[in-house]
Amino acid sequence: MASDMLSVKPGQKCARCTQCLDNSSYSIIYTKNCESIKEVICGICNIVEYMDDYKKSGIITTRIMMEASLAKYRFEEGNFSSLREEYRQFYLQNKVPLLKVANDVEEIKNLVDKFEDKHWLPYLKKYWNETTDRGHIADSQNCTIMMWGSAGRVLITAEEPADNITMIFSDYVTTEEDIKKYGNMTQRGGIQGINATKEKAVDIMSELIKMKKIKFHPKESVKLAGL
Ligand SMILES: [Zn+2]
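(A) Region of interest: the sheet that holds strand E7 (residues 164-170). Spatially, seven strands are ordered E3-E8-E7-E6-E5-E4-E9 in an open sheet, and the strand pairing comes out antiparallel. In this open sheet, the two strands that pair with only one neighbour each are strand E3 (59-61) and strand E9 (217-218). Of the strand pairs in this sheet, strand E4 (residues 136-139) and strand E5 (residues 144-150) are connected by four bridges, and their pairing is antiparallel. Opposite histidine 136, over in E5, you have methionine 147 as the bridge partner. In this fold helix H3 (residues 62-77) packs onto E3 and strand E8 (190-197), with an angle of close to 80° to the strand it touches most, E3.

This is how it looks when you write it as structure tokens:
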């Protein structure tokens, strides 16, 4: 955002922990109507707030998912040397919830793999590669499912009124030559975004996996599903 550069003056301090914002990441919190800046806070206060929200609601957001995956990697490697002290403290103080989120995300990712095997690879990829429309929509019992793609990547978002999960897949079609070179590659998609409790995400994914076929049709208003 262009205004970010103008928002921090030399020597300005985080509105919460009073750490100097020079040479560190910071976030700008706007008022509800986004008309003016409410406060400017440092990166660590920002992630602490995300973690507090998660602890209160149990809702896994994309930001918490990414932080938890990174934390799990750091704990497994035992490598905190490149981290600033405040971040190290944050990881250590939140080890239990961070590892819980990382494990929950892995469980959800396994369901995304099942979705890929059941729906994406057998027929949705072909549907996608044969259509020139970019936005598509389908319904399941409880969800609206949206598909949108660009530059070889396809996003599929399943959305209930308050929860959603966005998967990402590749539309690349494996050639004979690829198989000779690399063996029989089974493509693996992933989670692009999430805003759901673990239970809700598992429910949504299980519902999709149970469907016989997902019948998409073009809908122009679907753009950048889930982003
Ligand atoms: Zn701060």
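(B) Region of interest: the nonpolar core. In terms of nonpolar packing, the biggest core is built from 49 residues, with Ile60 and Ile165 touching the most fellow members. Residue contributions to this core peak at nine residues, all from helix H5 (residues 95-130). If sequence neighbours within four positions are ignored, isoleucine 60 has contacts with Tyr54, Met65, Val101, Asp104, Val105, Ile194, Ala196, Thr197, Lys198 and Ala201.

(C) Representation of the pairing of E5. With respect to burial, E5 is a largely interior element, five of its seven residues being buried. Connecting E4 to the next strand, E5, in antiparallel fashion are four residues. The hairpin turn running from E5 into strand E6 (residues 153-159), its antiparallel successor, is two residues long, and alanine 151 in that turn takes a positive phi close to 50°.

(D) Fine view of the environment of aspartate 117. You can see aspartate 117 is positioned in helix H5. The spacing of aspartate 117 and cysteine 34 is 83 residues in sequence and 42 Å in space, taken between C-alpha atoms.

(E) Quick peek at the packing of H3 against H5. Orientation of H3 relative to H5, taken along the N-to-C sense of each, is 105°, at an axis distance of 8 Å. On the basis of the axis angle, H3 is roughly perpendicular to H5. Side by side, H3 and H5 meet where Ile64, Met65, Glu67, Ala68, Ser69, Ala71, Lys72 and Phe75 of the first sit next to Lys95, Leu98, Leu99, Val101, Ala102 and Val105 of the second. In the contact of H3 with H5, the residues fall into 10 nonpolar, one polar and three charged.

Calculation rules
- Residues numbered from 1 in each chain as written.
- Predicted model: local features only at pLDDT ≥ 70, side-chain atom pairs only at ≥ 80, totals over all residues.
- Pairing = 2+ DSSP bridges.
- Helix = DSSP H or I, 4+ residues; strand = E, 2+ residues; numbered from the N terminus.
- Contact = placed C-beta atoms within 7 Å.
- Axes fitted to C-alpha atoms, helices over the stretch in contact; angles between N-to-C directions.
- Core = buried A, V, L, I, M, F, W, Y, C linked by C-beta atoms within 7 Å.
- Buried ≥ 20, exposed ≤ 12 C-beta atoms within 10 Å, placed from the backbone.
- Parallel < 35°, antiparallel > 145°, perpendicular 65-115°, else oblique.
- Nonpolar A, V, L, I, M, F, W, Y, C, P; charged D, E, K, R; others polar.

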